[in-house]
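The residues making up each chain are set out below.
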Amino acid sequence: MKRIKILNTPPRFISYSAVGGREEKRGPLGDAFDLCDESDSFGQKTWEMAEGEMGRCALNLALSKCNMSHDNIELLVAGDLQNQCVATSVSLGSFGAPFLGIYGACSTCTEALLILSSMIESGAVSTGACVTTSHNSAAERQFRTPLEYGGQRSPSAQWTSTAAGSFILTGDPSLLSASKYGAVSISDFMIGRIVDGATSDATNMGAAMSFAAAQSIIEYFKESDMKTRDFDLIVTGDLGKVGSDILRAILDERLPSASSRHLDCGTLLYNPKRQDVHAGASGCGTSASVLSSYLLPRLEEGELRDVLFLSTGALMSPSSVLQGNTIKGIAPVIHLHSDA
Amino acid sequence: MPDYLNLFLVFLMGGFLSLIAQILIDLTRLTPARILVAYVCSGVFLYATGAYDTLYKIFGAGVATPLIGFGAAIGRGVREAIEKNGAIGILSGGLSATATGITAALIFALFFSLFTKGGAKRM
Amino acid sequence: MDIYSLEGKKEIIKRYSPKTRILRNSVFAFIFGGLICLSAELLRYLYLWLNIEEKDALSLVGVTLIFIASLLTALGLFDRIARYSGAGTLVPITGFSNSVTSQALDARSEGLVMGLGAKIFTVSGPVILWGIASGVLYGIIYYIYLYIIR
């Protein structure tokens, strides 16, 4: 079975945006975000609605950057961290675009991009958008304890980012002239497999996901014609410090050339010297916002040529953890290529 | 005139009971909720065995303020209610004895929740 | 490194997971826990000095601590203190009060009945249930001892 799907007409990024909250603004990438709301509430009454509004802002920003309107979006692939993906469906309904709501925990960003890419490749749609969001306060409420509860976070715990990323992909060459972007394409992808994370500790999700990331990277290079030296960076989603340490140790042993190229979005979003992040950022907004605020601009400029991008997801629910199930990891892969 | 030795003993015991819980949280994978449950249950047990009264005479608020005191109050409530009312005391004693605390916590929580929803978590 | 078996993965996780700062946490927990109990004792002196009966004074001490913890929670300060104090604020009655109030603030957005009303005990429920259950168990044993054995 071939797992890498090569795209004959690689869809191009014609626009992208990143939106964040207060801690994201204070982080190293704060100025690269298109919009940050320091109150985290985005003018909404509840944190759940705030997450949706953040996604709506991200999509609107991405559309305005490439001078497109809602009508150009033939397919919207989007997801968030809440139960039943409700932030997305509540806020993006007004766009009226055909909609696929997806859930891949923190791997949602890559999952959305590869679903949209294959829809474009098949000719089913020519232009579509992806939106991925996570909100710290909404996630704390759903997965952990009340916001004002006085508990201590474990040093391996990660901070769910309040962040959204939106991307517009097209297979239609005529649209490229309208946008200042368009150099970056998705040339191939590999759908992730579910890998047991061997722990039910929800405060150590980076470790649980690291095995999925390691297996995806190893399997990708086993099958691909590309070598690790052909890539400038191998970027994982939100392994954080603990997960990154484990991944690099595994790669050092099995694929040393990949280890030196590794970068993790979860360790890029915050400044551990100034912010009390513990093991780093998590949440599906993390890889989405780092992709659009940090990686895509560098690819667009030609500073980076080829990037292997894997958002990492920890598949679990509060009930599954209480019932003693281990956390499952998944790491879908996309290959980003720049012609700049 | 406060008794300084008494105050020192209160501080010592309150600190010690918190320290034990902290070590249990950090060293074992026990969640805080489980540890608090263990504290309340051991409060009932300590009262039942008579050890709590001895500890209370020495350490006062040092044992009464931690959740062990909450457990002991349940134990005392049950015992006194049985002595006064017989078997029905088994059911009525525990909550009657802790009604003040539980009601206070509920009412303050309700009151404050009408005015604020709390803020976002900060690093 | 064995990344394909459950045991192998468990061992890797154990090796790379950071240790909690037990010493620092313990010192803070000890000091905060001690100080809260100390202030409870001082409050008791205060209420006795105000000529309140011993039994009522003890109840008032509890209510006062519960009120302060609840207020600090509503002001968004309790979780900031607890970040350092850990079990020091969790184990005294302040932790119980915080767990009720924080849950109330959180559930308020889902309505007064099914939100606040239904969820207020989510965090504090275990303590109440298991406290009452142990009390009933003790009551049964004590009853048998008192009326049947004696």
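This brings us to the overall build of chain C. Within chain C, the regular secondary structure consists of 8 helices and 0 strands. Scanning chain C from its N terminus toward the C terminus, one meets helices and strands in the order α-α-α-α-α-α-α-α. Computed over its C-alpha atoms, the radius of gyration of chain C comes to 21 Å, more than 25% above the 15 Å expected for a compact globule of 150 residues. Its C-alpha atoms give chain C principal-axis dimensions of roughly 70 × 50 × 40 Å. Put simply, chain C has 150 residues, and 46% of those count as buried. A separation threshold of at least 6 residues defines the contact pool for chain C, and within that pool the share at least 24 residues apart is 44%. When the accessible surface of chain C is summed, it comes to about 7500 Å², and 70% of that surface belongs to carbon and sulfur atoms. Of note, chain C has its 14 positive side-chain charges centred 7 Å away from the centre of its 10 negative side-chain charges.

A few words now on the side chain of A:Asp264. Residue and element names in this part refer to chain A. Following the sequence through the fold, Asp264 ends up in strand β12 (residues 262-264). Buried charge Asp264 goes without a salt bridge, the closest partner of opposite sign being Arg248 at 7.4 Å. A distance of 2.6 Å separates polar atoms of two side chains, one belonging to Asp264 and the other to Thr236. Reaching out from Asp264, the side chain makes a polar contact with the backbone nitrogen of Leu239 at a distance of 3.0 Å. In this structure, Asp264 is in contact with Thr236, Gly237, Asp238, Leu239, Gly240 and Ser244, ignoring residues within four places of it in sequence.

Take the pairing of strand β11 (residues 233-236) of chain A next. All names here are of chain A. Residue alternation in β11 divides its side chains into two sets, Leu233 and Val235 and Ile234 and Thr236, and both sets are buried. The pairing of β11 with β12 spans 3 bridges and is classified as parallel. Bridge assignment links Ile234 to a residue of β12, and that residue is His262.

Attention now moves to the packing of aromatic side chains. Inspection of the entire model under this criterion finds 18 aromatic pairs over all chains. A centroid spacing of 5.6 Å and a plane angle of 85 degrees characterise the contact between A:Phe221 and A:Phe231, whose relative ring orientation is edge-to-face. Taken together, the positions of A:Phe221 in helix α6 (residues 205-223) and A:Phe231 in the loop between α6 and β11 put the pair 10 residues apart, joining distant regions of the chain. A ring pair is formed by B:Tyr47 and C:Tyr138, whose centres lie 6.3 Å apart and whose planes are at 85 degrees; its orientation type is edge-to-face. Residue B:Tyr47 is found in helix α2 (residues 32-49), and its partner C:Tyr138 is found in helix α8 (residues 125-149); the two belong to separate chains. Chaining the aromatic ring pairs together yields one cluster made of B:Phe108, B:Phe111, B:Phe112, B:Phe115 and C:Phe67. Residue placement shows A:Arg298 over the ring face of A:Tyr294; its charged tip is 4.1 Å from the ring centre. Positioned above the aromatic ring of A:Trp47, the side-chain terminus of B:Lys117 is 4.4 Å from the ring centre.

Below, the discussion takes up the interface of chain A and chain C. Tallying the contact residues gives 30 residues for chain A and 35 residues for chain C. Both faces combined, the contact of chain A with chain C buries some 2700 Å², and carbon together with sulfur accounts for 60% of it. Contact with chain C buries surface across chain A, with A:Glu148, A:Tyr149 and A:Gln152 losing the most and accounting together for 23% of the total. Where chain A meets chain C, there are 2 salt bridges. We note a salt bridge from A:Arg141 to C:Asp106, for which the minimum N-O separation is 3.5 Å. Where chain A touches chain C, the interface holds 11 residue pairs in polar contact (both at pLDDT 80 or more). Those elements that provide at least two residues to the side of chain A that touches chain C are β10 (195-196), α6 and α7 (240-254) of chain A. Per element, the largest residue contribution to the side of chain A that touches chain C is 7 residues, and it comes from α7(A). Looking at the side of chain A that touches chain C, its residues break down into 14 nonpolar, 9 polar and 7 charged.

Before going further, it helps to examine the confidence of the model for chain C. Taken as a whole, chain C shows an average pLDDT of 95; of its residues, 100% reach a score of 70 or greater. This prediction of the complex comes with two scores: 0.94 for pTM and 0.94 for ipTM.

On to the sheet that holds strand β15 (residues 313-315) of chain A, then. Residue and element names in this part refer to chain A. Taking strand neighbours across the sheet as the criterion, the 3 strands line up as β10-β16-β15 in an open arrangement whose pairing is antiparallel. Each of the sheet's edge strands pairs with one partner strand only, and the pair in question is β10 and β15. As paired elements, β15 and strand β16 (residues 328-330) share 3 bridges and run antiparallel to each other. In the sheet register, Gly313 faces β16, and the bridge partner there is Ile330.

Conventions adopted
Residues numbered from 1 in each chain as written. Chains lettered and ligands numbered in written order. Predicted model: local features only at pLDDT ≥ 70, side-chain atom pairs only at ≥ 80, totals over all residues. Heavy atoms only, no water. Helix = DSSP H or I, 4+ residues; strand = E, 2+ residues; numbered from the N terminus. Rg over C-alpha atoms; globule rule 2.2 N^0.38 Å. Buried < 20%, exposed > 50% of the residue type's maximum accessible area, 1.4 Å probe, protein only. Contact = heavy atoms within 4.5 Å. Areas by Shrake-Rupley, 256 points an atom, 1.4 Å probe, with all protein chains shown as cover. Lys, Arg positive; Asp, Glu negative; His and termini not counted. Charge placed at Lys NZ, Arg CZ, Asp CG, Glu CD. Salt bridge = Lys/Arg side-chain N within 4 Å of Asp/Glu carboxyl O. Polar contact = N/O pair within 3.5 Å; in protein donor to acceptor, adjacent residues only side chain to side chain. Pairing = 2+ DSSP bridges. Phe/Tyr/Trp six-rings, centres within 6.5 Å; stacked < 30°, edge-to-face > 60°. Lys NZ or Arg CZ within 6 Å of the ring centre and 35° of its normal. Buried area = accessible area lost by both parts, 1.4 Å probe. Nonpolar A, V, L, I, M, F, W, Y, C, P; charged D, E, K, R; others polar. pLDDT = per-residue confidence, 0-100.

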